[in-house]
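Descriptive structure summary
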Amino acid sequence: MKAKIQALAKNIKSEVITNRRHLHQNPELSFQEYNTVKFVSEKLQEMGIDLQESKAETGLVALIKGKNPEKKVIALRADMDALPIIEQNEVDYKSQNEGVMHACGHDVHTASLLGAAKILNELKEEFEGTVKLIFQPGEEQLPGGASLMIKDGALQNPNPEAIIGQHVMPLIPVGKVGFRAGMYMASCDELHITVKGKGGHGALPELTIDPIVISANMIVSLQQIVSRGAPPKIPCVLTFGDIHGHGATNVIPDEVKIQGTFRTMNEEWRAEAHERMVKMATGIVEGMGGTVEFEIRKGYPYLENDEQLTHKNRARAVDYLGEENIVDLDIWLGAEDFSYYTQEMKACFYRLGTRNESKGIVSAVHTPTFDIDEDALEIGAGFMAYLAIQELTEN
Ligand SMILES: [Zn+2]
Ligand SMILES: [Zn+2]
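In short, a report on the structure.

Reading guide: rules and limits
Residues numbered from 1 in each chain as written. Chains lettered and ligands numbered in written order. Predicted model: local features only at pLDDT ≥ 70, side-chain atom pairs only at ≥ 80, totals over all residues. Heavy atoms only, no water. Axes fitted to C-alpha atoms, helices over the stretch in contact; angles between N-to-C directions. Helix = DSSP H or I, 4+ residues; strand = E, 2+ residues; numbered from the N terminus. Parallel < 35°, antiparallel > 145°, perpendicular 65-115°, else oblique. Left-handed = near helix turned anticlockwise from the far one by under 90°. Contact = heavy atoms within 4.5 Å. Nonpolar A, V, L, I, M, F, W, Y, C, P; charged D, E, K, R; others polar. Buried < 20%, exposed > 50% of the residue type's maximum accessible area, 1.4 Å probe, protein only. Polar contact = N/O pair within 3.5 Å; in protein donor to acceptor, adjacent residues only side chain to side chain. Pairing = 2+ DSSP bridges. Donors = N, O, S within 2.8 Å, 3.2 Å for Na, K, Ca; no water.

Turning our eyes to something else, we now look at the packing of helix H2 (residues 13-25) against helix H3 (residues 34-46). Remark: H2 packs on H3, axes separated minimally by 11 Å, with the N-to-C direction vectors making an angle of 160°. With respect to H3, the axis of H2 lies roughly antiparallel. The way H2 lies across H3 gives a crossing that is right-handed. On H3, the residues that touch Asn19, His22 and Leu23 of H2 are Thr36, Phe39 and Lys43. When the residues that make up the contact of H2 with H3 are grouped by side-chain class, the tally is 2 nonpolar, 3 polar and 1 charged.

What follows is the structure, given as structure tokens:
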């Protein structure tokens, strides 16, 4: 089966590259993936995969049924949205939608899943069970396309036992894939704080309630949520990246606005930290005579890879690519809406290496010069198909 899949992946490589380039040239922002999903739907139809259902407006779910389709169902997921970035790569597949760019590799994920679909569809007489393909919108923007897909029933009829997702990683050389079982990526919440005092002349502080001094105290104290509150085993980050008080050298402003991010890797601690932050901020600000509005905009949850499934997939990667091509990933405090699926079922989110220093392909995701070595697409399509079939086949 492995040799068969590898041969098929090689055969369709140029087609996967063509699809990826089409997607790359025609990027669409989060929740506006109308042409993208139409393209995906047409490609699936060309393959004869008619069991499609629209979800979450610009998402799509499709089924590839093997023999005995009820036996077991496995889901494969790709995200399809692009970012508001002006592409700086001078390539013939450069974005034609000025100001929008596939700078997170979601074109790669979509083209790879289409390739995997083609392989699986050709082999459907040779495996038992069903593969559910999930093409989702809006990974880059809250509330996250994954959460909308789940609400819209993407995980029902049929209900998959497990879900697998891949994401490009420009730190990993092309030809390799990366895994991490258990704790992998962080929850991510936005903090929007307004500290209100009473402005006045900088020379007459006694007549004011200085929101600058109050904010300074509050910011320093809130770091203790991390250093004294978070259990040391749980990674946790609190960063304030924006602070504005519109006074002057001799003017104390009425209020200060502060924005930040809170990230961690445990849902219970996350909820507790939210409460503690608001309580601490309120206590400090009110104790100093001001008032505070503390808004927490909840982002994606923490991403946990199922231990057993991830170990199995790592072993399958050794089999498919060789031990020398496996990278063991460290935890990463970035966020990813695949985490919503990990809360629903066994899940594995792994990384696809796309770096090639000899070709100058080294830029990070979310930058205007991000690109991939397209040799990664052969693995992106073939290896994903292999994982699905192995998971359906093995106990
Ligand atoms: Zn991204
Ligand atoms: Zn991404």
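Note on placement: tyrosine 302 falls in the loop between strand S13 (291-298) and strand S14 (303-305). The class for tyrosine 302 is buried, based on a relative accessible area of 9%. Taking the C-alpha atoms as reference points, tyrosine 302 and aspartate 337, separated by 35 residues in sequence, lie 9.0 Å from one another. Look past the residues within four positions of tyrosine 302 in its chain and what remains in contact with it is Met183, Tyr184, Met185, Ala186, Ser187, Thr264, Met265, Asn266, Glu267, Ser339 and Thr342. Looking at tyrosine 302, its side chain comes within polar contact range of the side chain of glutamate 304, at 2.6 Å.

Quick look at the sheet that holds strand S3 (residues 73-79) now. Read across the open sheet, the 8 strands follow the order S1-S2-S4-S3-S5-S16-S6-S15; overall the sheet is mixed. A single partner strand is all that each edge strand has here, and the edge strands are strand S1 (52-55) and strand S15 (326-328). Recorded for the sheet is a direction-independent mean angle of 25° between the axes of neighbouring strands. Inspection of the sheet shows strand S6 (residues 177-179) paired to S15 by 3 bridges, in the parallel sense. Paired with phenylalanine 179 across the bridge in S15 is aspartate 328. Along the sheet face, helix H4 (residues 106-122) touches strand S2 (59-65), S3, strand S4 (130-136), strand S5 (162-173) and strand S16 (346-355) and points at about 150° away from the line of S3.

A word on the coordination of the zinc ion (ligand 2). Note on the zinc ion (ligand 2): its protein donors are Cys104 (SG), His106 (NE2) and His167 (NE2). The metal-donor distances range over 2.1 to 2.4 Å. Between the donor residues of the zinc ion (ligand 2), the gaps in sequence give the motif C-x1-H-x60-H. In this model, the zinc ion (ligand 2) sits 3.2 Å from the zinc ion (ligand 1), the two metals being bridged by cysteine 104. Linking histidine 106 in helix H4 with histidine 167 in strand S5, this pair joins segments that are 61 residues apart in sequence. Side by side, histidine 106 and histidine 167 carry an identical accessibility label, which is buried.

This part covers the side chain of lysine 55. With respect to the helices, strands and loops of the structure, lysine 55 is situated in strand S1. Judged by its relative accessible area of 9%, lysine 55 is buried. If we ignore the near neighbours within four places in the chain, the residues touching lysine 55 are Leu60, Val61, Met149, Asp152, Gly153 and Ala154.

The next point concerns the coordination of the zinc ion (ligand 1). Taken together, the protein ligands of the zinc ion (ligand 1) are Cys104 (SG), Glu140 (OE) and His366 (NE2), with distances of 2.0 to 2.2 Å. Here the donor residues for the zinc ion (ligand 1) map to a single chain with the spacing C-x35-E-x225-H. What makes cysteine 104 buried here is its relative accessible area of 7%. With relative accessibility at 23%, the residue glutamate 140 sits in the partly exposed group.

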